[in-house]
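Architecture and fold: a report
Next come the chains, spelled out residue by residue.
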Amino acid sequence: MSDGPRYNDAPRMSDPSHDTTAISDRYEPAAVEERWYPVWEKHGYFRPELPSKKKPFSIVIPPPNVTGSLHMGHALDITLQDVMVRMKRMDRFNTLWVPGTDHAGIATQVVVERQLAAEGKTKDEVGREEFLRRVWRWKEESGGTIIRQLKRLGASCDWSHERFTMDAGLSRAVREVFVRLYAEKLIYRDDYIVNWCPRCQTVLSDLEVEREERDAEFVYIKYGPLTLGTVRPETKLGDTGLAVHPKDKRYKKYVGKTLDIPSVDGNIRVKVVADAAVDPKFGTGVIKVTPGHDPIDFEIGRRHKLPIRTVIGFDGKMTAAAGKYAGMDRFETRKKIVEDMQALGLIERIEPYRHAVGVCYRCKTVVEPLVSKQWYVNVKPLARKAVSAVRTGKIRIIPESWTKTYYHWMNNIRPWCISRQLWWGHRIPAWYCERDGSIHVSRADLTACPTCKGPVRQDPDVLDTWFSSGLWPFSTLGWPDKTLELKTFYPTSLLVTGYDILFFWVARMAMLGLQVMRQVPFRDVYIHTLVRDPEGQKMSKTRGNVVDPLVLMDRYGTDALRFTMAGLAAPSVRDVRITEDRLEASRNFANKLWNASRLVLSNLEGYDAAAAARRPRPDLAARWIESRLAAATMDVRAALAGYRFSDATSTLYQFVWSEVCDWYLEIAKLDLYRGDDAARRLATQHTLVTTLESTLRLLHPFMPFITEEIWQRLPHEGDSIMIAPYPTASRRQVDAAAERDMGVVMGAVTAIRNIRGEMRVPPGTTLAVTAKPAGGHTALLRAHAPLVQSLARATLTVDPRATRPRNSALGVVGGTELHVALEGVVDLAAERQRLEKEIRRAEEAIAFGRAKLARPEFAERAPAEIVEKEREKLVEQEALRDKLVASLEWVG
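Residues numbered from 1 in each chain as written. Predicted model: local features only at pLDDT ≥ 70, side-chain atom pairs only at ≥ 80, totals over all residues. Heavy atoms only, no water.

1. What to know about the overall build of the protein
In terms of helices and strands, the protein carries 29 helices and 29 strands. Once the C-alpha set of the protein is aligned to its principal axes, its extents read approximately 110 × 70 × 55 Å. Put simply, the protein has 892 residues, and 54% of those count as buried. Within the protein, contacts between residues separated by at least 24 positions form 77% of all contacts whose residues are at least 6 apart in sequence. Taken as a whole, the protein presents about 40200 Å² of accessible surface, with 50% of it coming from carbon and sulfur. Side-chain charges of the protein comprise 131 positive and 114 negative groups, with the mean position of each set lying 5 Å from the other. (Helix = DSSP H or I, 4+ residues; strand = E, 2+ residues; numbered from the N terminus. Buried < 20%, exposed > 50% of the residue type's maximum accessible area, 1.4 Å probe, protein only. Contact = heavy atoms within 4.5 Å. Areas by Shrake-Rupley, 256 points an atom, 1.4 Å probe, with all protein chains shown as cover. Lys, Arg positive; Asp, Glu negative; His and termini not counted. Charge placed at Lys NZ, Arg CZ, Asp CG, Glu CD.)

2. Examining the sheet that holds strand β10 (residues 258-263)
What the four strands build is an open sheet, ordered β10-β11-β9-β12; its pairing is mixed. The open sheet terminates on both sides in strands that have one partner only, identified here as β10 and β12 (286-289). Sheet twist, expressed as the average angle between the axes of neighbouring strands with direction ignored, equals 35 degrees. With four bridges connecting them, strand β9 (residues 241-244) and strand β11 (residues 266-274) associate as parallel partners. Each residue of the ladder has a partner; that of Leu-242, found in β11, is Val-272. Packed on one face of the sheet, helix α8 (residues 295-304) meets β11 and β12 and runs near 80 degrees to β12. (Pairing = 2+ DSSP bridges. Axes fitted to C-alpha atoms, helices over the stretch in contact; angles between N-to-C directions.)

3. Points about the side chain of Gln-515
Examined against the element boundaries, Gln-515 turns out to sit in helix α15 (residues 502-517). There is a polar contact of 3.0 Å between the side chain of Gln-515 and the side chain of Glu-184. Setting aside chain neighbours within four positions, we find Gln-515 in contact with Leu-181, Glu-184, Leu-186, Leu-382 and Lys-385. (Polar contact = N/O pair within 3.5 Å; in protein donor to acceptor, adjacent residues only side chain to side chain.)

4. Things to note about the environment of Thr-488
Within the secondary structure layout, Thr-488 lies in helix α14 (residues 484-489). Between the C-alpha atoms of Thr-488 and Asn-94, which are 394 residues apart in sequence, the distance is 9.4 Å. Once you skip the residues sitting within four places of it in the chain, Thr-488 turns out to touch Leu-50, Pro-56 and Asn-94. Polar side-chain contacts of Thr-488 include one of 2.7 Å to the backbone oxygen of Leu-484.

5. Regarding the sheet that holds strand β20 (residues 456-458)
Backbone-to-backbone hydrogen bonds join strands into a sheet, with any given pair of strands oriented parallel or antiparallel. Judged by pairing direction, the sheet is antiparallel, and its three strands sit side by side in the order β19-β18-β20 without closing on themselves. The outermost strands of the open sheet, each flanked by one partner alone, are β19 (439-441) and β20. Neighbouring strand axes in the sheet, compared pairwise and without regard to direction, differ in orientation by 30 degrees on average. Note that strand β18 (residues 430-433) and β19 share three bridges and pair antiparallel. Counterpart to Tyr-432 in the pairing with β19 is Ile-439. Those strands touched by helix α7 (residues 168-183) are β18, β19 and β20, and its axis lies near 130 degrees from that of β19.

6. As for the pairing of strand β5 (residues 187-197)
Across 10 bridges, β5 lies against strand β14 (residues 368-377) in antiparallel orientation. Across the sheet, residue Arg-189 finds its bridge partner in β14, namely Trp-375. Here three bridges tie β5 to strand β6 (residues 202-204), and the two strands are oriented antiparallel to one another. If you follow Cys-197 over to β6, its bridge partner there is Thr-202.

7. Some words on the pattern of salt bridges
Across all of its chains, the model carries 62 salt bridges by this definition. Residue Arg-443 pairs with Glu-176 through a salt bridge whose shortest N-O separation is 2.6 Å. Here Glu-176 lies in helix α7 and Arg-443 lies in the loop between β19 and β20, a separation of 267 residues in the sequence. Overall, the relative accessible area of 12% leaves Glu-176 in the buried class. One salt bridge connects Glu-580 with Arg-555, and the closest N-O pair in it is separated by 3.3 Å. With Glu-580 in helix α18 (residues 580-601) and Arg-555 in helix α16 (residues 549-556), the pair connects residues that are 25 residues apart, well separated along the chain. (Salt bridge = Lys/Arg side-chain N within 4 Å of Asp/Glu carboxyl O.)

8. Let's talk about the nonpolar core
The biggest cluster of nonpolar side chains holds 203 residues, and the ones touching the most others in it are Tyr-406, Met-410, Phe-467, Leu-640, Phe-645 and Phe-702. Beyond its immediate stretch of four places on either side in the chain, Tyr-406 contacts Ala-386, Val-387, Val-390, Ile-397, Leu-502, Ala-507 and Ala-510. Listed in part, the 26 residues of the second largest apolar core include Val-219, Val-264, Val-286 and Tyr-325. (Core = buried A, V, L, I, M, F, W, Y, C linked by side-chain atoms within 4.5 Å.)

9. Section: helix α3 (residues 105-118)
Given a rise of 1.5 Å per residue, 14 residues ought to cover 20 Å, and the 20 Å separating the end C-alpha atoms of α3 matches this to within 8%. Tucked inside the fold, the buried residues of α3 contact α4 (123-126), α5 (128-142), β6 and α12 (465-469). (Expected span 1.5 Å × (residues − 1).)

10. Looking at the side chain of Thr-333
Relative to the helices and strands, Thr-333 resides in helix α9 (residues 330-343). The residues contacting Thr-333, other than those within four sequence positions of it, are Glu-234, Met-318, Tyr-325 and Met-328.

11. Focus: the environment of Gly-775
Locating Gly-775 in the fold gives a position in the loop between β26 (767-772) and α25 (777-783). For the pair Gly-775 and Thr-816, spaced 41 residues apart in sequence, the C-alpha to C-alpha distance is 8.3 Å.

12. Brief notes about the packing of helix α27 (residues 828-854) against helix α29 (residues 864-890)
At a minimum axis distance of 9 Å, the contact between α27 and α29 shows a crossing angle of 155 degrees. The orientation of α27 relative to α29 falls into the category roughly antiparallel. Judged by the twist between their axes, the crossing of α27 over α29 is left-handed. Packed against α27, whose contacting residues are Arg-832, Leu-835, Glu-836, Glu-838, Ile-839, Ala-842, Glu-843, Ala-845, Ile-846, Arg-850, Lys-852 and Leu-853, the element α29 presents Val-867, Glu-870, Arg-871, Leu-874, Gln-877, Glu-878, Arg-881, Leu-884, Val-885, Ser-887 and Leu-888 at the interface. (Parallel < 35°, antiparallel > 145°, perpendicular 65-115°, else oblique. Left-handed = near helix turned anticlockwise from the far one by under 90°.)

13. Concerning the packing of aromatic side chains
Applying the stated rule across the entire model yields 31 aromatic pairs. Here the aromatic residues Phe-563, Phe-589, Tyr-653, Trp-657 and Phe-702 are joined through ring pairs into a cluster of three or more. We note Lys-852 situated over the ring of Phe-858; from NZ or CZ to the ring centre the distance is 5.1 Å. (Phe/Tyr/Trp six-rings, centres within 6.5 Å; stacked < 30°, edge-to-face > 60°. Lys NZ or Arg CZ within 6 Å of the ring centre and 35° of its normal.)

14. Some thoughts on unusual backbone geometry
Along the chain, Leu-50 connects to Pro-51 via a cis peptide bond; the corresponding omega equals -5 degrees. A cis amide bond links Trp-479 to the next residue, Pro-480, at an omega of 15 degrees. You will see that Lys-364, though not glycine, has its phi angle at about 70 degrees, which is positive. Structurally, Lys-364 is set in the loop between β13 (347-360) and β14. With relative accessibility at 38%, the residue Lys-364 sits in the partly exposed group. Despite not being glycine, Arg-518 has its phi angle at roughly 65 degrees, a positive value. Mapped onto the secondary structure, Arg-518 falls in the loop between α15 and β23 (522-528).

15. Observations concerning helix α17 (residues 558-568)
Counted residue by residue, α17 has 11 buried out of 11 residues, so it is predominantly covered. Listed as buried for α17 are Thr-558, Asp-559, Ala-560, Leu-561, Arg-562, Phe-563, Thr-564, Met-565, Ala-566, Gly-567 and Leu-568.

16. Overview of the packing of helix α10 (residues 380-391) against helix α11 (residues 402-411)
Between α10 and α11, the least distance of the axes is 9 Å, while the angle of their chain directions is 160 degrees. Classified by the angle their axes make, α10 and α11 are roughly antiparallel. The way α10 lies across α11 gives a crossing that is left-handed. Where α10 approaches α11, its residues Lys-380, Ala-383, Ala-386, Val-387, Val-390 and Arg-391 are matched on the opposing element by Thr-403, Tyr-406, Tyr-407, Met-410 and Asn-411. For the contact of α10 with α11, a count of residues per class yields seven nonpolar, two polar and two charged. (Nonpolar A, V, L, I, M, F, W, Y, C, P; charged D, E, K, R; others polar.)

17. Considerations on the environment of Met-511
By secondary structure assignment, the location of Met-511 is in helix α15. Each C-alpha atom, one on Met-511 and one on Pro-521, is 9.0 Å from the other, the two residues being 10 residues apart in sequence. When sequence neighbours within four positions are dropped, the list of residues in contact with Met-511 reads Val-379, Leu-382, Ala-383, Ala-386, Met-410 and Ile-413.

18. Thoughts on the confidence of the model for the protein
Detailed reading of the predicted coordinates is not advisable wherever pLDDT is low. Chain-level statistics for the protein give a pLDDT mean of 91 and a share of 97% at 70 or above. With pLDDT under 50 throughout, residues 1-12 is counted as low confidence; its partners more than four residues away or in other chains account for 29 contacts. A low-confidence stretch, residues 14-20 stays under pLDDT 50, and its non-local contacts, those more than four residues away or across chains, total nine contacts. (pLDDT = per-residue confidence, 0-100.)

And the structure:
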């Protein structure tokens, strides 16, 4: 008996009801996916070893909203992370992939407020305590949806380590960081102009304000001797100054003066100041300064000590300071005040104007700049450290082109407003003494003033969601406690995320990680593309173009979706389109792999691995496929090391489809189906098994379900492909001679097949081929003539002195001529007529295409993509014409 594993002798980890010896005719993704994920989870393959001597590899998941659902961005993000985690796990790293969800302050609160509204209630009516109870209840009811969907996608996270930003442990970390930063005078409270959403009733960061192009009126208002233009005439009521550029000679005589000018409520007094923030080329070169309602005006007002007058309130309505307009909506006031100024002769002219308007990212309400007392982080010193970490290579951003964006944001960073006027979130740990007015920041809840023992009240605001998210790499590992997880896995190895949150999240994690931990939070940051719809549009519910990844998984299979997602992740591409064609190609690829595996598994009767391993030197085809496997392995590893996911999938697709299936399997069939050479059959079985088994391991990080299903049926070592070694290869395993020689054989077969197709020779007809070999090809072609004859359905004569006969087609491979006899095979006269007709048709299409592209009204005015398509059509027609001409020469 042999001492190696034989077919179906390998250990199985599947349940007894699953027949591992049979493989169905069709690949059914749903059944396979449902079978294997629970098995992986049950066996603990997702969990790291603690303690361990293995090299650590850790990733923290960008936490999706706890009440959200999986979208295409998640599908891309999670796929790329899982590819890296699975590959590193197979490479014997001690892997930890931390999953979790974010409490999503505004988004979650808005949902629960709508639920209350449906009951005819408001949050103020039910009170803070009851409102938060409702939010927690809704989180418990709805919060598991996205976790189940991540599992459906195959995410191999350590679910025993799942975290939530409002967990007790993470909440403790948030309070600890707040207290430390406050003690270091990096957190402070100040009056500053902020972005205020009147609908959500909270502050928004600059990044939470979206810009929408809108049509407006540019109103030119007379201010005594001066005239200026504005799109917000309602804020005129809050003007406390006028400003011009210091070098604008037109207005030099007015600088420093206080003008007494007519307005809608009688005369007002405004001071004229000179400030470099004014653009002398915009409008008239004069701007009104409204410090209470414009960020630039606020800074000008501070520099020149101009008073602040707030005329629009937090509800979006005019305040008492607006006089007769008090209580009116801000946009109603805009119309009314223009009418009133026109009646008073204060309007010089009105022009149409299109500009970008800031709206709330959540509810799309127009944001109002308002001065408010808020909590801030002085991030300038933190940003300097984070910039240095990237410049010195401690943090590597891939693709490198994103470092410029990162530097620009960090070098122009402003104080970070971290307070939000919400109830759901981490409440700010600050208490105000009602007796002496002092402020106390504390790790523990306070019931009395530490100074005077007077009563205290806690700040009602909560922290910006991104504050807690910024601590994610270390808070999820147990900080502020000194845990084994923190010691082992921090800094994390890799962060994978989209470019849309490079500043929202990545930069803040870098700043807070360096400040709190004195170490970078991650080594590599891979910035991936954003997924668009097939027309290149951003997906949104309002557009109705949202593509649901769960629907795609049902339709095409999870592995097909994952392979497509990884294939879209090209470093040089900013945005990618998800199309049915790409998904169908990936599904076809999965089916191709399945059918190839069926062929192998159905021909392993009597296979003995140990006996096969003692075989003599393998034949040319076996040496070739083993060499190509080694090259593919090195290419895939190099691509993953550089986060070139699309290159990795391209290599795998090409190897499996074009080399294993199109060539080696066809060659192997010749040996498997002949019964006169048992040794050769065994050797071919061995090459098939080892090639397929290694290929499955190469593919596993991308397509985990189908690879496990097939791998379990092959002779193998170990319980799961998940923990089998990821293939390795070296240059020594690349057999250049085998690849060169096999290239000649394949080239000959391809040339004969092409001639058969172009001359429309029936597949069952055997062609007579004479080869006039180039130097070195004589012995090669004679030795492998049976292979060429079988694959090309031809008789092959190798004759170094051959001359091309009349009425023959010519193929050339590396200098070797292949003369394919056509007489008696093709009706030469009819074929000649057909080719001449096709050539004329192609010439007409070429002439039409050239004329169309030569017309300026088309080439210069048509959309670029239409013009490019016409050029491509022209190139195709020219290539077709050349091919037809060559074929015509063959028939004489």
